[in-house]
Amino acid sequence: MPTSRVTILIASMLLLPACSAVDASLPEPATRLSFPSEQVAEGITFHAELRVVQHSPLVLQTVVTATNAGTRTRRVEVPGGCPVLVRVYQNPHPLGEPAWDQAEHTSCAPQLTTLTLEPGESRELQTTVAAREILGRVLPSARYHLTAVVRPNGEWIELSAGDTVLTRQRGAEPSGEPR
């Protein structure tokens, strides 16, 4: 073997254990959240969460609470027809494409709504979606990560809303529970 190949082989053997030791300390991909559940834009804090509206068939509500924690009145414009949109991921990794995107399955009225929040005031923006709509005819029963997309003044913000297991039962509606 030429000297350069031996050097590369030895260097690789020395570096691989260090790499695997670092990787072993990372959380499992399914538990690693890549989207924040809270973010500040235009002086307003946006926080997302997932709620169950109905258990059978399962209907989920994704809620974004907009809070003005500042000392002056804040105003932002959000789409009036769809103030919140849901994206569903099989793995909550920001580089991956959503398995389902509500924006592709709904049409929203184009008008804008002005949110005016006084200091300390909060307002909820929400959307509701049935598990059967998310799973459709294509997606399998699995654990999914849901995000909420809000668009204050045209800025797209994607927030972690939570995980849920959606199951497809033979002859029944898809079901599941948020975690």
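Up top is the structure.
Residues numbered from 1 in each chain as written. Predicted model: local features only at pLDDT ≥ 70, side-chain atom pairs only at ≥ 80, totals over all residues. Heavy atoms only, no water.

A. Region of interest: the overall build of the protein chain. Looking only at helices and strands, the protein chain has two helices and 11 strands in total. Helices (α) and strands (β) of the protein chain occur, in sequence order from the N terminus, as α-β-β-β-β-β-β-β-β-α-β-β-β. Expressed as a percentage of its 179 residues, the buried residues of the protein chain come to 35%. Of the contacts made within the protein chain by residues no fewer than 6 positions apart, 66% connect residues no fewer than 24 positions apart. Counting only carbon and sulfur atoms, one obtains 54% of the accessible surface of the protein chain, whose full area is about 10,300 Å². (Helix = DSSP H or I, 4+ residues; strand = E, 2+ residues; numbered from the N terminus. Buried < 20%, exposed > 50% of the residue type's maximum accessible area, 1.4 Å probe, protein only. Contact = heavy atoms within 4.5 Å. Areas by Shrake-Rupley, 256 points an atom, 1.4 Å probe, with all protein chains shown as cover.)

B. Layout of the sheet that holds strand 2 (residues 44-54). Across the sheet, which stays open at both edges, the four strands sit in the order 1-2-3-8 with antiparallel pairing between neighbours. Two strands lie at the open edges of the sheet, namely strand 1 (38-41) and strand 8 (122-130), each paired on one side alone. Taken pair by pair, the neighbouring strands of this sheet meet at an average axis angle of 25°, ignoring direction. Across nine bridges, strand 3 (residues 59-67) lies against strand 8 in antiparallel orientation. From the neighbouring strand, Val59 faces strand 8, where its bridge partner is Ala130. (Pairing = 2+ DSSP bridges. Axes fitted to C-alpha atoms, helices over the stretch in contact; angles between N-to-C directions.)

C. A look at the state of the cysteines. All chains considered together, the criterion is met by one disulfide. Residue pairing for Cys82: its cysteine sulfur links by disulfide to Cys108, the two sulfurs lying 1.8 Å apart. A torsion of -95° about the S-S bond marks the disulfide between Cys82 and Cys108 as left-handed. Of this pair, Cys82 sits in the loop between strand 4 (74-79) and strand 5 (85-89) while Cys108 sits in the loop between strand 6 (100-101) and strand 7 (112-117), and the two are 26 residues apart along the sequence. Judged by its relative accessible area of 9%, Cys82 is buried. (Disulfide = S-S within 2.5 Å.)

D. Quick peek at the pattern of salt bridges. Per the counting criterion, the structure on display carries five salt bridges. Salt-bridge contacts for Glu124 lead to Arg51; the nearest nitrogen and oxygen are separated by 2.9 Å. In this pair, Glu124 is assigned in strand 8 and Arg51 in strand 2, connecting sequence segments 73 residues apart. Note that Arg123 is salt-bridged to Glu121, the shortest N-O span being 3.3 Å. In this structure, a network of salt bridges that share partners links the residues Glu49, Arg51 and Glu124. (Salt bridge = Lys/Arg side-chain N within 4 Å of Asp/Glu carboxyl O.)

E. Up close: the nonpolar core. Among the nonpolar cores identified, the biggest contains 31 residues, and Phe46, Val64 and Leu166 are the most heavily contacted of them. Setting aside residues up to four positions removed in sequence, Phe46 forms contacts with Ser37, Glu38, Gln39, Ala41, Val64, Thr65, Ala66, Val150, Pro152, Ile157 and Leu159. (Core = buried A, V, L, I, M, F, W, Y, C linked by side-chain atoms within 4.5 Å.)

F. Examining unusual backbone geometry more closely. Across the junction of Ser56 and Pro57, the peptide omega takes the value -5°, indicating a cis bond. Locating Pro57 in the fold gives a position in the loop between strand 2 and strand 3. The backbone of Glu42 shows a phi angle near 55°, a positive value even though the residue is not glycine. Relative to the assigned elements, Glu42 resides in the loop between strand 1 and strand 2.

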